[in-house]
Amino acid sequence: MRAMLWVVGVVGGALLLLGLLLEAARWLMIIGAIALVAVIVLAFVRGRQAVQHHSAGRR
């Protein structure tokens, strides 16, 4: 009986930790996706500024 309580407790704790890790992983994926979009937008804006600056020097 005591061993069964330990097993149930360990499995419950493992499931709780797994749930927390999956929740954290989901938030990390969301933050990573936002950062990736921000980097792409920033690169696009900087690229356009460089092209405009380069073409403005030719005038």
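Report follows, based on the coordinates. No experiment lies behind these values; they were computed from the predicted model shown.

About the cut-offs
- Residues numbered from 1 in each chain as written.
- Predicted model: local features only at pLDDT ≥ 70, side-chain atom pairs only at ≥ 80, totals over all residues.
- Heavy atoms only, no water.
- Helix = DSSP H or I, 4+ residues; strand = E, 2+ residues; numbered from the N terminus.
- Rg over C-alpha atoms; globule rule 2.2 N^0.38 Å.
- Buried < 20%, exposed > 50% of the residue type's maximum accessible area, 1.4 Å probe, protein only.
- Areas by Shrake-Rupley, 256 points an atom, 1.4 Å probe, with all protein chains shown as cover.
- Salt bridge = Lys/Arg side-chain N within 4 Å of Asp/Glu carboxyl O.
- Patch = residues over 30% accessible without salt bridge, like charges linked within 9 Å, V, L, I, M, F, W, Y side chains within 5 Å.

### Observations concerning the overall build of the protein
Across its full length, the protein holds one helix and zero strands. Taking 2.2 N^0.38 as the reference for a compact globule, 59 residues should give roughly 10 Å; the C-alpha atoms of the protein span a radius of gyration of 25 Å, well beyond that estimate. Its C-alpha atoms give the protein principal-axis dimensions of about 85 × 10 × 5 Å. Residue burial in the protein is summarised as follows: out of 59 residues, 0% are buried. Within the structure as shown, the protein displays about 5700 Å² of accessible surface, and the carbon and sulfur contribution to it stands at 78%.

### Description of the pattern of salt bridges
Here the structure, examined in full by the defined rule, presents one salt bridge. Taking the shortest distance from any N to any O, the salt bridge between Glu23 and Arg26 comes out at 2.7 Å. Placement of the pair is Glu23 and Arg26 together in helix α1 (residues 2–58), with a separation of three residues, close to one helical turn. Looking at Arg26, the relative accessible area reads 43%, which means it is partly exposed.

### Remarks on a nonpolar patch on the surface
Taken together, the side chains of Val7, Val11, Leu15, Leu18 and Leu22 present a nonpolar region at the surface, about 480 Å² in accessible area. Of note, Val11 is situated in helix α1.

### A few points about the environment of Gly47
Within the secondary structure, Gly47 is located in helix α1. Classification of Gly47 as partly exposed rests on a relative accessible area of 32%. Counting along the chain gives 22 residues from Gly47 to Ala25, while the straight-line C-alpha distance between them is 32 Å.

### Some thoughts on the environment of Leu16
Along the chain, the position of Leu16 falls in helix α1. Overall, Leu16 belongs to the exposed group, its relative accessible area being 57%. In sequence terms Leu16 and Arg26 are ten residues apart; their C-alpha atoms lie 15 Å from each other.

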